[in-house]
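Secondary and tertiary structure notes
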Amino acid sequence: MNKLLKMENLERHYETPAGVVKALDGVSFEISEGERIILLGPSGSGKTTLLNCLSALDSPTGGTYKFFESEVPRNNSEKMTSFRRENIGYVFQFFNLLQDLTVLENILLIQELSGNKDFSRAKDLLKLVGLEAEIDRFPGEISGGQQQRVAIARSIAKRPTLLLGDELTGNLDTETSNKVMEALVGACKQENITSVFVTHDEGLVKYATRVIRIDSGKIISDEKIDNQYDGV
Ligand SMILES: Nc1ncnc2c1ncn2[C@@H]1O[C@H](COP(=O)(O)OP(=O)(O)O)[C@@H](O)[C@H]1O
Ligand SMILES: [Mg+2]
């Protein structure tokens, strides 16, 4: 597998009146194309900070971060935005669908914003996440799990290299979480997208090819796992 990215001794320190908070305290790892990584850790361990650094939403205060061998921009919002636009997809916990647009229109809008409206691809993406029957419904007319699957289709519409999610099943029951994760694994495989998902739900580990555990801003374990679920 080709190397996608590499972080070395990455730090994100915050200066606060009470002293320095080491949200990330020397994080090192590589990610290869095609990996599906679950990032686990207790509240406050640095998971969101790490995702924000991976997506160049936040600037590390130390260490290196390379993406396809190039330094990822930091402390420059214009360059950081274009890095994100070119490479990163994001799935949110609270779906963030536009309520006045249908399922299909939510996808078409995102395509339009990134300058490549493609009706048949939009429909294919919705089919990929099992929503071909719902394309003309409004978000308020489908379940939470279905809405999250629309959000997944939307997040991969621009073919991101790296897809990130922070507690993206945090709002869903176990059965629905499983359906969402199955849709996600299928979509990532089909579109050849590498992914990193933050959760504190150990039950999602079965969808990953690798599990990284973080505590107090440090990686405490990083293991490849036998694939229990590899799509259908
Ligand atoms: N803007 C900030 N200023 C100061 N400390 C922060 C800030 N953002 C996050 N932190 C601290 O960094 C640590 C990691 O936070 P976070 O990455 O949000 O953890 P997690 O997502 O694992 O719950 C926590 O101790 C948090 O309080
Ligand atoms: Mg968090």
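Scoring rules and cut-offs
Residues numbered from 1 in each chain as written. Chains lettered and ligands numbered in written order. Predicted model: local features only at pLDDT ≥ 70, side-chain atom pairs only at ≥ 80, totals over all residues. Heavy atoms only, no water. Helix = DSSP H or I, 4+ residues; strand = E, 2+ residues; numbered from the N terminus. Polar contact = N/O pair within 3.5 Å; in protein donor to acceptor, adjacent residues only side chain to side chain. Contact = heavy atoms within 4.5 Å. Axes fitted to C-alpha atoms, helices over the stretch in contact; angles between N-to-C directions. Parallel < 35°, antiparallel > 145°, perpendicular 65-115°, else oblique. Left-handed = near helix turned anticlockwise from the far one by under 90°. Nonpolar A, V, L, I, M, F, W, Y, C, P; charged D, E, K, R; others polar. Pairing = 2+ DSSP bridges. Salt bridge = Lys/Arg side-chain N within 4 Å of Asp/Glu carboxyl O. Buried < 20%, exposed > 50% of the residue type's maximum accessible area, 1.4 Å probe, protein only. Near = heavy atom within 4 Å.

On to the side chain of arginine 12, then. Within the secondary structure, arginine 12 sits in strand E1 (residues 3-16). A polar contact of 3.0 Å, which involves the side chain of arginine 12, links it to the side chain of aspartate 58. Once you skip the residues sitting within four places of it in the chain, arginine 12 turns out to touch Val21, Lys22, Ala23, Leu24, Thr49, Cys53, Asp58, Ser59, Pro60 and Thr61.

So, about the packing of helix H3 (residues 103-113) against helix H5 (residues 144-156). Where H3 meets H5, the axes come as close as 9 Å, and the angle between the chain directions of the two elements is 25°. Relative to H5, the element H3 lies roughly parallel. The hand of the H3/H5 crossing is right-handed. Judged by residue contacts, Val103, Asn106, Ile107 and Ile110 of H3 engage Val150, Ala153 and Arg154 from H5. Residue composition of the contact of H3 with H5, grouped by class: five nonpolar, one polar and one charged.

Sheet strands pair via backbone hydrogen bonds, and the direction of the pair is either parallel or antiparallel. Read across the sheet, six strands follow the order E6-E7-E8-E3-E9-E10 without closing on themselves; strand pairing throughout is mixed. Looking at which strands have only one partner, the edges of the open sheet turn out to be strand E6 (88-91) and strand E10 (218-224). In this sheet, adjacent strand axes meet at a mean angle of 20° when their direction is disregarded. Where strand E7 (residues 162-166) meets strand E8 (residues 194-199), five bridges bridge the pair, whose relative direction is parallel. The partner of glycine 165 across the bridge, within E8, is phenylalanine 197.

Using the criterion set out here, one finds eleven salt bridges in the structure. Residue aspartate 58 pairs with arginine 12 through a salt bridge whose shortest N-O separation is 3.0 Å. Pair noted here: aspartate 58 is in the loop between helix H1 (47-54) and strand E4 (62-67) and arginine 12 is in strand E1, with a separation of 46 residues, a long-range link. Accessibility classification places aspartate 58 together with arginine 12 in one group, the buried group.

Moving on to the site of ligand 1. By nearness alone, every residue bordering ligand 1 is listed as Tyr14, Thr16, Val21, Ala23, Pro42, Ser43, Gly44, Ser45, Gly46, Lys47, Thr48 and Thr49. At 3.1 Å from an oxygen atom of ligand 1 is found a main-chain nitrogen or oxygen belonging to serine 45. Those elements that place two or more of their residues in the shell around ligand 1 are E1, strand E2 (19-32) and H1. It is H1 that provides the largest number of residues to the shell around ligand 1, a total of three residues. When grouped by side-chain class, the residues that make up the shell around ligand 1 number four nonpolar, seven polar and one charged.

Not every positive phi belongs to a glycine, and asparagine 9 is a case in point at roughly 50°. Counting through the fold element by element, asparagine 9 comes out in strand E1. Here the phi dihedral of arginine 159 falls at roughly 55°; this positive angle occurs in a residue that is not glycine. Tracing the backbone through its elements, the reader meets arginine 159 in the loop between H5 and E7.

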